[in-house]
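What the coordinates show
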Amino acid sequence: MESGVPSNGGRELYYDSYFGLHAVKIGPGELYASRRNILIVTVLGSCVSACLRDPAARVGGMNHFMLPEHSGNNTLLSEPARYGAHAMEMLINNLLSMGARRDRLEAKVFGAGRVLTGMSDVGARNAQFALDYLERERIPVKARDVGGENARKVYLFVETGRVLVKEINKLRNDTVISRERAYASEIGNKRISGGDIELFAE
């Protein structure tokens, strides 16, 4: 069983011959959760991915999000943080619907590279938000790899919870940067009010 809330309306599995597993890629503003023995893959620049898993139920998933640019502080209650909170809550709810239990969830956090020149250190804000959120929700963080100046490619093995992280050379960052700039512009133009949050909608 899989569950995804990607912005393009659907995800298709492909076969990764190197690892010998079916896999799915997610991009900015997307998430994917599954209880199958598959890979979930993403590429991160300034964005952050939280990998959440219930080791007893062997259910796991990954999101990929960025807080929109906003002046002032970005506490867990601020408007920008609500985008991150929605990304986290959507992933948690998907996992719970597959049999995970909130009190068994474990997290690994990745990304937040300083790759977007001309912007504030949005990566640092993304990482701090994710870590603060998980602490507040009492979800232990078992591993993290955040910060630095390079993009990362992240592989989550759902069945085991293993995560592989590969740094991407700066010379190959252009695609990541252009994708994240477009995403930052998109979410920066959105307005949220009350409980109506449309982070994952076109």
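For clarity, every value in this text was computed on a predicted model and none was experimentally measured.

1. Focus on the packing of aromatic side chains
Across all of its chains, the model carries five aromatic pairs by this definition. Between phenylalanine 129 and tyrosine 133 the ring centres are 5.9 Å apart and the planes differ by 40°, which places this aromatic pair in the tilted class. A residue pair is termed a helical-turn pair when its members lie 3 or 4 positions apart in one helix, as phenylalanine 129 and tyrosine 133 do in helix 2 (residues 122-136) at four residues. Assigned by exposure class, phenylalanine 129 and tyrosine 133 land together as buried.

2. Section: the pairing of strand 3 (residues 21-25)
Two strands pair when backbone bridges link them, and strand 2 (residues 14-16) and strand 3 are joined in this way by three bridges, in the antiparallel orientation. If you follow aspartate 16 over to strand 3, its bridge partner there is leucine 21. Two successive antiparallel strands, strand 2 and strand 3, enclose a turn made up of four residues, where glycine 20 displays a positive phi of approximately 70°. Where strand 3 meets strand 5 (residues 39-44), three bridges bridge the pair, whose relative direction is parallel. Opposite lysine 25, over in strand 5, you have valine 41 as the bridge partner.

3. Describing the side chain of asparagine 94
With respect to the secondary-structure elements, asparagine 94 resides in helix 1 (residues 79-97). Looking at asparagine 94, its side chain comes within polar contact range of the main-chain oxygen of methionine 90, at 2.7 Å.

4. Describing the nonpolar core
One finds Leu52, Phe65, Met88 and Leu95 to be the most contacted residues of the largest nonpolar core, which totals 26 residues. At the level of secondary structure, the elements contributing two or more residues to this core comprise strand 6 (48-54), helix 1, strand 8 (106-111) and helix 2. Those residues within four positions of methionine 88 in sequence are excluded, and the remaining contacts are Ala50, Leu52, Asn63, Phe65, Phe129, Tyr133 and Leu134. Counting 16 residues, the second largest nonpolar core, distinct from the first, contains Cys47, Cys51, Met62 and Val158.

5. Focus: unusual backbone geometry
Although it is not a glycine, alanine 112 sits at a positive phi angle of roughly 70°. You can call alanine 112 buried: its relative accessible area is 4%. Backbone geometry places arginine 138, a non-glycine residue, at a positive phi of 60°. Tracing the backbone shows arginine 138 in the loop between helix 2 and strand 9 (141-146). Under the relative-accessibility criterion, arginine 138 is labelled exposed at 76%.

6. Section: the confidence of the model for the protein
Residues with a pLDDT of 70 or more make up 70% of the protein, whose mean pLDDT is 81. Confidence drops under pLDDT 50 across residues 191-202; counting only partners more than four residues distant or on other chains, this segment forms 32 contacts.

7. Focus: the pairing of strand 6
Of all seven residues that make up strand 6, seven are buried, and the element is covered over most of its length. Here strand 6 shows a buried face lined by Val48, Ala50, Leu52 and Asp54 and a second buried face lined by Ser49, Cys51 and Arg53. Both strand 6 and strand 7 (residues 59-64) contribute to a ladder of four bridges, which runs antiparallel. Its bridge partner being in strand 7, leucine 52 is matched across the sheet by glycine 61. The antiparallel hairpin formed by strand 6 and strand 7 contains four residues in its connecting segment, where arginine 58 sits at a positive phi of about 55°.

Criteria and cut-off values
- Residues numbered from 1 in each chain as written.
- Predicted model: local features only at pLDDT ≥ 70, side-chain atom pairs only at ≥ 80, totals over all residues.
- Heavy atoms only, no water.
- Phe/Tyr/Trp six-rings, centres within 6.5 Å; stacked < 30°, edge-to-face > 60°.
- Helix = DSSP H or I, 4+ residues; strand = E, 2+ residues; numbered from the N terminus.
- Buried < 20%, exposed > 50% of the residue type's maximum accessible area, 1.4 Å probe, protein only.
- Pairing = 2+ DSSP bridges.
- Polar contact = N/O pair within 3.5 Å; in protein donor to acceptor, adjacent residues only side chain to side chain.
- Core = buried A, V, L, I, M, F, W, Y, C linked by side-chain atoms within 4.5 Å.
- Contact = heavy atoms within 4.5 Å.
- pLDDT = per-residue confidence, 0-100.

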